[in-house]
Amino acid sequence: MPVKIESAAYNPFDFVQDYQQQLEKRVGQGQYGAATIFIGSMRDFNEDHRVSNMTLEHYPGMTEASLESICEEAKQQWPILDVLIVHRVGEITPNDTIVLVAVWSAHRAAAYDANRFIMEALKSRAPFWKKELTPNGGKWVEHNT
Amino acid sequence: MSITVKFFASLREELNLDEVQLDPQPEMTALSVWQQATSKVNLPDKTLIAVNQEYAGDDVAVRDGDEVAFFPPVTGG
């Protein structure tokens, strides 16, 4: 269940395709019947203001540990085959992909439910922080919605 | 050995502190580490604390060699 922190722009579809090929080699084709993919990308607005770019800071070490532990919790709750999490850090511009969560399972319910669980847990627990650049200067995002 | 204290995001900027090393004292807690590292700035509401990269309360015991981090609510994803 790999967790990747990327400091440069990435194409989430390439990551999913590459990882799915590795997964097929590992578990064999025909093992999964469902894959859910969540992609979160950067908007150029937040609440009531424009955002021209953003810096994403994280806590190296704890970030990876926290995401791995979230994956383990998902695996305890649902019969999932594998998970891929990729999260961007550093300087980000609108439309860049921030987060990718992909979950593979035999049936769709587990893939849907585990994906949602992982994404919500990531937003509330994984140590990342966003600082937006707005027309009035830098502004730390205070809480997740 | 020593205790490593880290600050992130808005806390790092407001305190102008990134990382500090403290000499261990008897019966340290996360809160006493905060007070020693910041020269007794009040711990802001909603500050999250991690000891050895796991979430902890402000009363958790801190020992020589531990890493203690303080940061605001997380906003990833």
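Residues numbered from 1 in each chain as written. Chains lettered and ligands numbered in written order. Predicted model: local features only at pLDDT ≥ 70, side-chain atom pairs only at ≥ 80, totals over all residues.

### Considering the overall build of chain A
As a reminder of what qualifies: Secondary structure elements are defined from DSSP: runs of H or I of at least 4 residues count as helices, runs of E of at least 2 residues count as strands, and each element is numbered from the N terminus. We compute the radius of gyration over the C-alpha atoms and compare it with the globule rule, which gives 2.2 Å times the number of residues raised to the power 0.38. Note on burial: count the other C-beta atoms lying within 10 Å of the residue's C-beta; 20 or more is buried, 12 or fewer is exposed, in between is partly exposed, and C-beta positions come from the backbone. Whether two residues are in contact is decided by their C-beta atoms, placed from the backbone, lying within 7 Å.
Helix and strand counts for chain A stand at 3 helices and 10 strands. The helix and strand sequence of chain A, counted from the amino end, reads β-α-β-β-β-β-α-β-β-β-α-β-β. Taking 15 Å as the expected radius of gyration for a compact globule of 145 residues, we find that chain A reaches 16 Å, a close match to that expectation. Across the 145 residues of chain A, 34% fall into the buried class. Contacts spanning at least 24 positions in sequence make up 75% of the contacts within chain A whose residues lie at least 6 apart.

### Digging into the environment of isoleucine 3 of chain B
Residues and elements named next belong to chain B. For isoleucine 3, the location among the structural elements is in strand S1 (residues 3-7). By the C-beta count within 10 Å, which is 22 here, isoleucine 3 ends up buried. Here the alpha-carbon distance between isoleucine 3 and aspartate 64, two residues 61 residues apart in the chain, equals 5.7 Å. The contacts of isoleucine 3, once residues within four sequence positions are left out, are Leu22, Pro24, Val33, Val62, Asp64, Asp66 and Val68.

### Regarding the interface of chain B and chain A
To keep it simple, the criterion reads: Any residue outside Ala, Val, Leu, Ile, Met, Phe, Trp, Tyr, Cys, Pro, Asp, Glu, Lys and Arg is labelled polar, Gly included; the first ten of those are nonpolar and the last four are charged.
With 13 residues of chain B at the interface, the matching set in chain A holds 23 residues. In the side of chain B that touches chain A, the residues fall into 8 nonpolar, 5 polar and no charged.

### Notes on the nonpolar core
Rule in force here: To form a nonpolar core, buried Ala, Val, Leu, Ile, Met, Phe, Trp, Tyr and Cys residues must be joined through C-beta atoms within 7 Å.
Among the nonpolar cores identified, the biggest contains 55 residues, and Ile80, Val83, Ile85 and Ile118 of chain A together with Val33 of chain B are the most heavily contacted of them. Counting residues per element, this core draws most heavily on strand S8 (residues 97-105) of chain A, at 7 residues. In this structure isoleucine 80 of chain A touches Ala74, Lys75, Val103, Trp104, Ser105, Ala110, Ala111 and Ala114 of chain A, once residues within four positions along its chain are discounted.

### Let's talk about the sheet that holds strand S9 (residues 128-134) of chain A
For sheets, the rule is that strands pair by backbone hydrogen bonds, running either parallel or antiparallel. Residues and elements named next belong to chain A. Applicable threshold: Strand pairing is assigned whenever DSSP identifies at least 2 bridges connecting the two strands. Axes here refer to lines fitted to C-alpha atoms; in helices the fit is confined to the stretch in contact. Angles between the N-to-C directions go from 0 to 180 degrees.
One open sheet holds the 4 strands; their spatial order is S7-S5-S9-S10, and the pairing between them is antiparallel. Each end of this open sheet is capped by a strand with a single partner; those strands are strand S7 (90-92) and strand S10 (137-140). With direction set aside, neighbouring strand axes in the sheet form an average angle of 25 degrees. Relative to S7, strand S5 (residues 53-58) runs antiparallel, the two being bridged by 3 bridges. Paired with threonine 55 across the strands is glutamate 91, a residue of S7.

### Side note on the sheet that holds strand S2 (residues 19-22) of chain B
All names here are of chain B. The strand order S2-S1-S7-S4-S5 describes an open sheet built from 5 strands, whose pairing is mixed. Across the chains shown, the open sheet's two edge strands, defined by having one partner strand only, are S2 and strand S5 (54-56). Between one strand axis and the next, the sheet turns by 30 degrees as a mean value, whatever way the strands run. The pairing of strand S4 (residues 48-51) with strand S7 (residues 67-71) spans 4 bridges and is antiparallel. Bridge pairing links valine 51 to valine 68 in S7. Here helix H2 (residues 30-38) sits on the sheet in contact with S1, S2, S4, S5 and S7, set at roughly 110 degrees to S2.

### Focus on unusual backbone geometry
Residues and elements named next belong to chain B. Notably, glutamate 27 is not glycine yet its phi reads approximately 50 degrees, a positive angle. Inspection of the secondary structure assignment puts glutamate 27 in the loop between S2 and strand S3 (28-29). Although it is not a glycine, glutamine 53 sits at a positive phi angle of roughly 65 degrees. The topology assignment puts glutamine 53 in the loop between S4 and S5. Overall, glutamine 53 belongs to the partly exposed group, with 18 C-beta atoms counted inside 10 Å.

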